[in-house]
Amino acid sequence: MSTFIKKLLIDALKPREIPITELSKAICAIKGVEEVNIVVTEVDARTETVKITVMGSDIDFEEVSRVMAENSAAIRSVDEVTVSKVK
Amino acid sequence: MEEAESSHKGFLSKVVSRFKCLIVGAPARCRPEDVSFKKLMLISGVTEIFRRYFVMNMFDGALAALGVVLGMWISGVIDPKTVVRTVLGAGFAMFFSGSLGAYLTEKAERERKLRELEESMFQDMRGSLFERSSRFAVLLVSLVDGISPLLACALIATPFLVSGVLNLSFTFAASIAIGVGIATLGALGVFLGKVSRGSLIGYPLFMILAGLASAIVIVLLGAQI
């Protein structure tokens, strides 16, 4: 039996200089990710709080975290997750 | 044949990409899109600084070179090689002072910004896109800061450099060099006019007047001493 992450809702912080288009494209390039949606929820002097929805057939959370860190975004919390099981 | 050429190009682009990864300190798994110049320029916001430094330092270089040429002319120097050595010497001095000065000041500013961001985000930003773009900005700004005055000096020294080959008289070469200097100032003015999306006459006129004013001061000073 295998389990797959189908959806993640991540609350993250990123520098204002990093465009959400670049961040979303970088996350979407990860294997197993099919769709990424980013919404800016708060804007500060240096940073922006964003809600990132990642959807796919088999999302590798470690890889998503790595790509986000590489693109200067910090994960604050994972607010929602959808996992499915293949018997 | 075409295949060989495309594989050659592929190899070359890989080498260029690897070099770009190295100079900006990208992580080991560096992909070409991680070091795309367009992306790094967008994130670092270096375009504006780049334009500012380019005009400022090229203006410096052009005025200094014009001053050297005029000063030597009114001092009675008639050897073109002496002028070339002096102008290029001044150009290289400005290259080193400009690039090293800009490297250190820009690095300090960018490091401060990175530390402030790390404090805001409670995260180590080493190896991140933000750090890479900062490093890229520092290198680009220092390069532009150094090359722009050297370029102005090289342009102004060119008539003297070719005067031997083309058999030009010293006075004629000096006149062309001054013309090149004034034209460089005018071109910088046009560039500034385009940047400001304002007057294409006001900026060049101001730049040329600055050149003429410095020339008048040098000539008057030469007459007094």
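In what follows, the structure referred to is the one given above.
Every value quoted in this text rests on a predicted model; they were computed, and no experiment measured them. (Residues numbered from 1 in each chain as written. Chains lettered and ligands numbered in written order. Predicted model: local features only at pLDDT ≥ 70, side-chain atom pairs only at ≥ 80, totals over all residues.)

1. Some thoughts on the overall build of chain A
No. 1: Helices and strands together make up the secondary structure of chain A, namely 2 helices and 4 strands.
No. 2: Walking chain A from its N terminus toward its C terminus, one meets helices and strands in the order β-α-β-β-α-β.
No. 3: By principal-axis analysis of the C-alpha atoms, chain A measures approximately 50 × 20 × 15 Å.
No. 4: Here chain A, with 87 residues, has 30% of them falling under the buried criterion.
No. 5: At a minimum sequence separation of 6, the contacts of chain A that also span at least 24 residues come to 74%. (Helix = DSSP H or I, 4+ residues; strand = E, 2+ residues; numbered from the N terminus. Buried ≥ 20, exposed ≤ 12 C-beta atoms within 10 Å, placed from the backbone. Contact = placed C-beta atoms within 7 Å.)

2. A word on the packing of helix H6 (residues 170-196) of chain B against helix H7 (residues 202-224) of chain B
All names here are of chain B.
No. 1: For the pair H6 and H7, interaxial distance at closest approach is 7 Å and the crossing angle is 150°. When the axis of H6 is compared with that of H7, the two are roughly antiparallel. Here H6 and H7 pass one another in a crossing that is right-handed. Side by side, H6 and H7 meet where Gly181, Ile182, Leu185, Gly186, Leu188, Gly189, Val190, Leu192 and Gly193 of the first sit next to Gly202, Tyr203, Pro204, Leu205, Phe206, Met207, Ile208 and Gly211 of the second.
No. 2: In terms of residue class, the contact of H6 with H7 is made up of 11 nonpolar, 6 polar and no charged. (Axes fitted to C-alpha atoms, helices over the stretch in contact; angles between N-to-C directions. Parallel < 35°, antiparallel > 145°, perpendicular 65-115°, else oblique. Left-handed = near helix turned anticlockwise from the far one by under 90°. Nonpolar A, V, L, I, M, F, W, Y, C, P; charged D, E, K, R; others polar.)

3. Remarks on the interface of chain A and chain B
By a frequent convention, interface size equals the accessible area lost on bringing the separate parts together.
No. 1: The interface is formed by 13 residues belonging to chain A together with 15 residues belonging to chain B.
No. 2: Residues that form the side of chain A that touches chain B fall into these classes: 6 nonpolar, 3 polar and 4 charged.

4. As for the sheet that holds strand S4 (residues 74-86) of chain A
All names here are of chain A.
No. 1: Strands sit in the order S2-S3-S1-S4 across an open sheet of 4 strands; the sheet is antiparallel. Pairing within the sheet leaves two strands with one partner each, and these edge strands are strand S2 (33-43) and S4. Going across the sheet, the axis of each strand differs from the next one's by a mean of 15°, ignoring polarity.
No. 2: Bridge analysis of strand S1 (residues 2-15) against strand S3 (residues 47-56) gives 9 bridges, and the strand direction is antiparallel. (Pairing = 2+ DSSP bridges.)

5. Brief notes about unusual backbone geometry
No. 1: The phi dihedral of serine 72 of chain A is positive, around 70°, even though this residue is not glycine.
No. 2: Here serine 72 of chain A is to be found in the loop between helix H2 (61-70) and S4.
No. 3: Positive phi, close to 55°, is recorded for arginine 197 of chain B, a residue that is not glycine.
No. 4: Relative to the helices and strands, arginine 197 of chain B resides in the loop between H6 and H7.

6. What about the packing of helix H5 (residues 129-166) of chain B against H6 of chain B?
Residues and elements named next belong to chain B.
No. 1: Put simply, H5 and H6 touch, their axes get as near as 9 Å, and they point 160° apart. It follows that H5 is roughly antiparallel to H6 by the angle criterion. For the pair H5 and H6, the sense of crossing is right-handed. In this structure, H5 uses Ala152, Leu155, Ile156, Thr158, Pro159, Phe160 and Ser163 to contact H6, whose residues at the interface are Ala173, Ile176, Ala177, Val180, Gly181 and Thr184.
No. 2: Split by residue class, the contact of H5 with H6 holds 9 nonpolar, 4 polar and no charged.

7. A closer look at the nonpolar core
Where a protein is soluble and globular, its nonpolar side chains tend to be buried together.
Residues and elements named next belong to chain B.
No. 1: Grouped together as the largest cluster of nonpolar side chains are 71 residues, with contacts concentrated most on Ala65, Val69, Val87 and Ile156.
No. 2: Examining the composition of this core, we find that 16 residues originate from one element, H5, more than from any other.
No. 3: Not counting residues up to four positions away in its chain, the partners in contact with valine 87 are Ala65, Val68, Val69, Cys153, Ile156 and Ala157. (Core = buried A, V, L, I, M, F, W, Y, C linked by C-beta atoms within 7 Å.)

8. Here we look at H7 of chain B
All names here are of chain B.
No. 1: For H7, spanning 23 residues, the distance from its first C-alpha to its last is 33 Å, which sits close to the expected 33 Å at 1.5 Å a residue.
No. 2: Of all the residues in H7, the buried ones are Tyr203, Pro204, Met207 and Gly211.
No. 3: In this structure, the buried side of H7 is in contact with helix H3 (46-74) and H6. (Expected span 1.5 Å × (residues − 1).)

9. What about the pairing of S3 of chain A?
Residue and element names in this part refer to chain A.
No. 1: Inspection of the sheet shows S2 paired to S3 by 9 bridges, in the antiparallel sense. Each bridged residue has a counterpart across the sheet, and for valine 40 the counterpart in S3 is valine 50.
No. 2: Hairpin remark: S2 followed by S3, antiparallel, with 3 residues in the connecting loop.

10. Regarding the environment of alanine 26 of chain A
Residues and elements named next belong to chain A.
No. 1: Tracing the backbone shows alanine 26 in helix H1 (residues 20-28).
No. 2: Taking the C-beta count within 10 Å as the criterion, alanine 26 has 21 such neighbours and is therefore assigned buried.
No. 3: Sequence spacing of alanine 26 and methionine 68 is 42 residues, and the spatial spacing of their C-alpha atoms is 8.1 Å.
No. 4: Setting aside anything within four residues of it in sequence, one finds alanine 26 in contact with Val67 and Asn71.

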